[in-house]
Amino acid sequence: MKKIAFIGMMGSGKSTIGKMLSDRIKLDFFCTDEFIEKKYNKSISDIFKENGEKYFRRVETEAIKELSEKRDIVLSTGGGVVLNKSNIDLLRENNFLIICLNRDIEKIIENISIENRPLIKNDINNLRKIYKERELLYKKYSDIIINNDDN
Ligand code: S3P
């Protein structure tokens with residue numbers, strides 16, 4: 001059984017690289033945000049706007065719970081998944097290899113799309129602050145760290 005999860009900052013490339021890897025090794029690909037948007041038929045932005053971040057975090061944990069039970073998948077998680085240790089516990093208990101994708105924050109700022117990213121939509125500088133708050137968590141909770149800085 002192969003289960004691989006990507007964690008890391010918004011814009012670090014989790015979905016792009018996760019999809020590439022899943023194609024290459026022929027596993028199904030899932031993204032927690034896409035899963036939530038489909039399930040609730042609402043964009044992440046609208047969930048934040050209408051229900052608040054606290055609600056989104058609850059829904060995110062539910063999504064991790066459901067998705068972590070799947071076999072043979074590559075999973076891309078939202079950047080805030082490390083804020084709730086129980087998300088990481090779920091991934092570990094369900095035997096995921098957890099890969100942290102690390103990308104220089106200035107490179108992220110250069111080409112990230114702020115559409116549908118409510119935490120940075122009003123001020124991209126929030127990204128630096130968020131990175132400082134989470135940097136250690138991404139390192140602590142991953143089995144491997146891969147740098148995605150080459151392009
Ligand atoms: C978030 C990251 C987003 C999304 C939500 C919150 C975060 O996912 O889950 O906007 O707290 O870092 P991506 O990392 O896929 O952008």
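A few points on the structure.

The rules we used
Residues numbered from 1 in each chain as written. Predicted model: local features only at pLDDT ≥ 70, side-chain atom pairs only at ≥ 80, totals over all residues. Heavy atoms only, no water. Near = heavy atom within 4 Å. Polar contact = N/O pair within 3.5 Å; in protein donor to acceptor, adjacent residues only side chain to side chain. Areas by Shrake-Rupley, 256 points an atom, 1.4 Å probe, with all protein chains shown as cover. Nonpolar A, V, L, I, M, F, W, Y, C, P; charged D, E, K, R; others polar. Pairing = 2+ DSSP bridges. Helix = DSSP H or I, 4+ residues; strand = E, 2+ residues; numbered from the N terminus. Axes fitted to C-alpha atoms, helices over the stretch in contact; angles between N-to-C directions.

With respect to the site of the ligand
Piece 1. Taken together, 13 residues are adjacent to the ligand, and K14, D33, R57, R117 and R134 come closest.
Piece 2. Take G80: an N or O atom from its main chain is 3.3 Å from an oxygen atom of the ligand.
Piece 3. Between an oxygen atom of the ligand and a side-chain N or O atom of R117, the distance comes to 2.7 Å.
Piece 4. Contact with the protein chains hides 95% of the accessible area of the ligand, taken as 390 Å² for the molecule alone.
Piece 5. When its residues are assigned to classes, the shell around the ligand shows 5 nonpolar, 3 polar and 5 charged.

Concerning the sheet that holds strand β5 (residues 144-147)
Piece 1. One open sheet holds the 5 strands; their spatial order is β2-β3-β1-β4-β5, and the pairing between them is parallel. The strands lining the two open edges of the sheet, one partner per strand, are β2 (28-31) and β5. With strand direction ignored, the average angle separating the axes of adjacent strands in the sheet is 25 degrees.
Piece 2. The pairing of β2 with strand β3 (residues 73-76) spans 4 bridges and is parallel. Along β3, the bridge assignment pairs D28 with I73.

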